[in-house]
Amino acid sequence: MKIKGLLNLGFTPEIIQTWEQAGYDDLLPVQEDAINKGVLERTSLLLTAPTSSGKTFIGEMAAIAHALRGKKTLYLVPFKAIAEEKYLDFSEKYSGENIGFIIHISDRDHHQNDSDIQIGNYDIAILTYEKLSSLLVTNAGMLDVCDCVIVDEVQMIMDRDRGGNLELLLTKIKVIAQNKQLIALSAVLNELNGFDQWLGVEVIRRRDRPVDLRQGIILPNGIFEYREWNSNRIGKETFPSNSLEEVVKYLLSQGEQVIVVRNSVPQARNTAIFLANTFTFLPAASNAIRLLSVEADTETKDDLLPILRHSIAFHHADCELGERRIVEEGFRQGEIKIIISTTTSQSC
């Protein structure tokens, strides 16, 4: 289905235009599945699908559908960084004069709108798990004023450190907000073990990715032995060698962009500088440089600007939110060819 087809499901031309400007054109399979299951008609769902399969947009569509009907949505995320990025994204798209929704955020560092959220003065409120748990201690009735609760990254319930707190929060939501729509978004879960029945939701499960992924290892002779995510097909590909710079050079010659994942912030920074000194022939990421130049001065900004002159950037937790967003957009637009990221970096 084309994104324009959502006009027939109650979305306004202004919303459709906003989505088209954000790069949406066709709905992905999991998104069509969710619509067919009734996600826009208050059906509670558990969606389990790989990263980048499009499940996050399902939550976004549902929240906007409720807002257009004058209903309110609590959008829950596990990390402060995700809350801040989603808040900025939603605010840029939906709080302008053409649409005019009230978007609030509440996390450890943002509490200025807590009273408004508690009395329902919002269209979409984005909160971390812990912040909603804290607010419910003093005002359990705040769930009465919302119509939908979206829980992103619900697979965190299996996390050794935080899973118990999320389970308790979901229990409270189930008890207090029995007649609300509940949408739980998760990475692939091999076994549900009755989780869907406990939540009281219908299930959509997809394992395929819109862009197939090859997972494997490069041997010392440069042979890349891999397994494809969607088909489970086993294959081989020959790289010039197994050295990082040669593998990256080969991928660039094939017209690919590259993300290199390192274990720590210093490793990410040092690898980015090393590759920038290696691939000096790459053109400057001019737009990213222009946008970054007006950001506040930081050590990470000082390190980023020189390597952006060679289409390379790093992306890690020490970067300011504005810096991360500039790098992400530069990569999406194709002017940044290589990103060095840490394993804990929250997006890209």
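Our subject in this report is the structure included herewith. (Residues numbered from 1 in each chain as written. Predicted model: local features only at pLDDT ≥ 70, side-chain atom pairs only at ≥ 80, totals over all residues. Heavy atoms only, no water.)

1. Digging into the overall build of the protein chain
Regarding its fold elements, the protein chain presents 13 helices and 13 strands. The globule rule puts the C-alpha radius of gyration for 348 residues at 20 Å, and the 22 Å found for the protein chain is close to it. In terms of overall dimensions, the protein chain has C-alpha extents of about 60 × 45 × 45 Å along its principal axes. When burial is assessed residue by residue, the protein chain has 47% of its 348 residues classed as buried. Restricting the contact set of the protein chain to residue pairs at least 6 apart, pairs at least 24 apart contribute 63%. Only carbon and sulfur atoms are counted for the fraction: they give 47% of the accessible area of the protein chain, which is about 17000 Å². Once the 36 positive and 48 negative side-chain charges of the protein chain are each reduced to a mean point, those two points are 3 Å apart. (Helix = DSSP H or I, 4+ residues; strand = E, 2+ residues; numbered from the N terminus. Rg over C-alpha atoms; globule rule 2.2 N^0.38 Å. Buried < 20%, exposed > 50% of the residue type's maximum accessible area, 1.4 Å probe, protein only. Contact = heavy atoms within 4.5 Å. Areas by Shrake-Rupley, 256 points an atom, 1.4 Å probe, with all protein chains shown as cover. Lys, Arg positive; Asp, Glu negative; His and termini not counted. Charge placed at Lys NZ, Arg CZ, Asp CG, Glu CD.)

2. Topic: the pairing of strand β10 (residues 234-238)
Alignment of strand β9 (residues 223-228) against β10, held across five bridges, turns out to be antiparallel. Of the residues in β10, the one forming a bridge with R227 is I234. The antiparallel hairpin formed by β9 and β10 contains five residues in its connecting segment, where N232 sits at a positive phi of about 65 degrees. (Pairing = 2+ DSSP bridges.)

3. Overview of the packing of helix α4 (residues 80-94) against helix α13 (residues 321-333)
For the pair α4 and α13, the least separation of the axes is 11 Å and the interaxial angle reads 65 degrees. Regarding the angle of α4 to α13, the classification is roughly perpendicular. Relative to α13, α4 is oriented so that their crossing is right-handed. Every residue of α13 that contacts α4 at A81, E84, E85, L88, D89 and E92 is listed here: L321, R324, R325 and E328. Split by residue class, the contact of α4 with α13 holds three nonpolar, no polar and seven charged. (Axes fitted to C-alpha atoms, helices over the stretch in contact; angles between N-to-C directions. Parallel < 35°, antiparallel > 145°, perpendicular 65-115°, else oblique. Left-handed = near helix turned anticlockwise from the far one by under 90°. Nonpolar A, V, L, I, M, F, W, Y, C, P; charged D, E, K, R; others polar.)

4. A look at the layout of surface pockets
Within this model, the second largest pocket holds a volume of roughly 210 Å³. As for the second largest pocket, its lining consists of P78, F79, K80, A81, E84, D107, R108, T128, E130, K131 and R324. Counting residues per element, the ones that place at least two in the lining of the second largest pocket are α4 and α6 (129-138). Sorting elements by how many residues they give to the lining of the second largest pocket places α4 first, with three residues. (1 Å grid on protein atoms, 1.4 Å probe; cavity = no way out; pocket = protein on both sides within 12 Å on 5 of 7 lines; lining within 4 Å. Points joined across faces, edges and corners; volume = space filled by probe spheres on them.)

5. Focus on the packing of aromatic side chains
With the rule as written, the count across this model stands at 10 aromatic pairs. Considering the side-chain rings of F224 and Y226, the 5.4 Å spacing of their centres and the 35 degrees angle between planes classify their relative orientation as tilted. When its relative accessible area of 6% is taken as the criterion, Y226 is described as buried. Centre to centre, the rings of F239 and Y250 are 5.0 Å apart; their planes meet at 50 degrees, and the pair counts as tilted. (Phe/Tyr/Trp six-rings, centres within 6.5 Å; stacked < 30°, edge-to-face > 60°.)

6. A look at the sheet that holds strand β11 (residues 258-262)
Paired through their backbone hydrogen bonds, the strands of a sheet run either parallel or antiparallel. Sheet architecture is open: three strands sit in the order β11-β13-β12, paired in parallel fashion. Strands at the two margins of the open sheet, each flanked by one partner only, are β11 and β12 (312-315). Across the sheet, the mean angle separating the axes of adjacent strands is 20 degrees when strand polarity is ignored. Note: β12 against strand β13 (residues 338-342), four bridges, orientation parallel. Residue pairing across strands places A313 opposite I339, the latter belonging to β13. Of the strands in this sheet, β11 and β13 touch helix α9 (residues 244-253), which is tilted by about 155 degrees from β11. Packed on one face of the sheet, helix α10 (residues 265-278) meets β11, β12 and β13 and runs near 165 degrees to β13.

7. Here's the deal with the environment of K71
With respect to the element layout, K71 can be found in the loop between α3 (55-68) and β2 (73-77). Look at K71 and you get partly exposed, because its relative accessible area is 39%. A sequence separation of 109 residues divides K71 from K180, and the C-alpha atoms of the two residues are 11 Å apart. Among residues more than four places away in sequence, those in contact with K71 are H66, D123 and D147.

8. What to know about unusual backbone geometry
Residues other than glycine seldom take positive phi values, yet E153 does so here, at roughly 60 degrees. In this structure, N193 is a non-glycine residue whose phi angle is positive, near 50 degrees. You can see N193 is positioned in the loop between β6 (181-186) and α8 (195-199). A relative accessible area of 72% places N193 in the exposed class.

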